[in-house]
Amino acid sequence: MGRLVPAVTRALDILELFLDGDGTLSAPDIVRRLQLPRTTVHELVTTLAARQYIAPVPGQPGRYRLGVRPYQLGSRYAEQLDLAAEGQQVARSVAETCDETVHVAILEGTDVIYIAKVDSTHAVRMVSAAGRRLPAHCTSVGKMLLASLSEPELTSRIPEDADLLRMTPNSITDPAALREALTEIRARGVAVESRESNPDVSCVAAPVRDRTGQVVAALSISVPMIRWSDDRRGELEQLAMKGAAQLSERLGHRSVG
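Residues numbered from 1 in each chain as written. Predicted model: local features only at pLDDT ≥ 70, side-chain atom pairs only at ≥ 80, totals over all residues. Heavy atoms only, no water.

1. Some remarks on the overall build of the protein chain
A count of helices and strands for the protein chain gives eight helices and nine strands. In terms of overall size, the protein chain is more extended than a compact globule, its C-alpha atoms giving a radius of gyration of 23 Å where 257 residues would be expected to give roughly 18 Å. Expressed as lengths along the three principal axes of its C-alpha atoms, the size of the protein chain is roughly 70 × 40 × 40 Å. Looking at the protein chain as a whole, 43% of its 257 residues qualify as buried. Across the protein chain, contacts joining residues at least 24 apart in sequence account for 57% of those joining residues at least 6 apart. Accessible surface, the protein chain as shown: approximately 14200 Å² in total, 51% of it carbon and sulfur. (Helix = DSSP H or I, 4+ residues; strand = E, 2+ residues; numbered from the N terminus. Rg over C-alpha atoms; globule rule 2.2 N^0.38 Å. Buried < 20%, exposed > 50% of the residue type's maximum accessible area, 1.4 Å probe, protein only. Contact = heavy atoms within 4.5 Å. Areas by Shrake-Rupley, 256 points an atom, 1.4 Å probe, with all protein chains shown as cover.)

2. Some words on the layout of surface pockets
Taken as a whole, the largest pocket spans an internal volume of roughly 730 Å³. Taken together, 19 residues line the largest pocket, and the ones lying closest to its centre are Arg76, Asp210, Gln214, Val215 and Val216. For the lining of the largest pocket, the elements supplying multiple residues, two or more each, are helix H4 (68-98), strand E4 (101-108) and strand E9 (215-224). Residues of the lining of the largest pocket, tallied by class, amount to eight nonpolar, four polar and seven charged. Around the second largest pocket, the lining comprises 17 residues; the ones closest to its centre are Pro207, Arg209, Ala245, Ser248 and His253. Contributing elements (two or more residues each) for the lining of the second largest pocket: helix H5 (140-147), strand E8 (201-209) and helix H8 (230-250). (1 Å grid on protein atoms, 1.4 Å probe; cavity = no way out; pocket = protein on both sides within 12 Å on 5 of 7 lines; lining within 4 Å. Points joined across faces, edges and corners; volume = space filled by probe spheres on them. Nonpolar A, V, L, I, M, F, W, Y, C, P; charged D, E, K, R; others polar.)

3. Structural notes on helix H1 (residues 6-17)
The terminal C-alpha atoms of H1 lie 17 Å apart, and with twelve residues this matches the ideal 16 Å at 1.5 Å per residue to within 8%. Here the buried face of H1 lies against strand E1 (25-26), helix H2 (27-34), helix H3 (38-50), strand E2 (54-56) and strand E3 (63-66). (Expected span 1.5 Å × (residues − 1).)

And the structure:
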């Protein structure tokens, strides 16, 4: 663990005080309970209020309660928990249909994080785990998620002169080549990885959308090369799209047409 930042620690200590009692505090209350200098507390309270982490209590001058920002953060956390839980259920259903390893992943920066996973029952199968992080450009789920970004957002994450990691000889390391692949993925609505993160595995992936239509995750099916073929790829693409649509529906998305 790296060195903790004192100012951030103190700000978080103040926020956590609101978990107790009636949920309201004054600056003197904070000074007394945390044994901090009044000047420090004043600066922190002013900053937290300006950022909407705390807010004045109407009719009680000098007292504060939690603001809207912690609620927004908590709501986003709850959404991710729902996505993981719903994703696990859909992944299990898809895996039962094809008997291959199924993942659901989200994009964080230039990486994907697997939030749900169901294994194949075959002796030869992809070995991974929920919580694993991989470079997005090397995976089908990652390419699907990158393809969903606007051009400015994509450029901010992967500039045209980016140095892309090579995980296998098949990995895409040229940003221009990656953009060409993403253009095709947008047109087809499904992504394919051919031994780009693991020399023995290929994958297909489809986008998962929330109730607003935004792509929030991707669902993939991973297959060892000994069970991979053009016909198999086509079947799995259809299954991945069907599974992703089911998960999207669980998240409130309604397709048009």
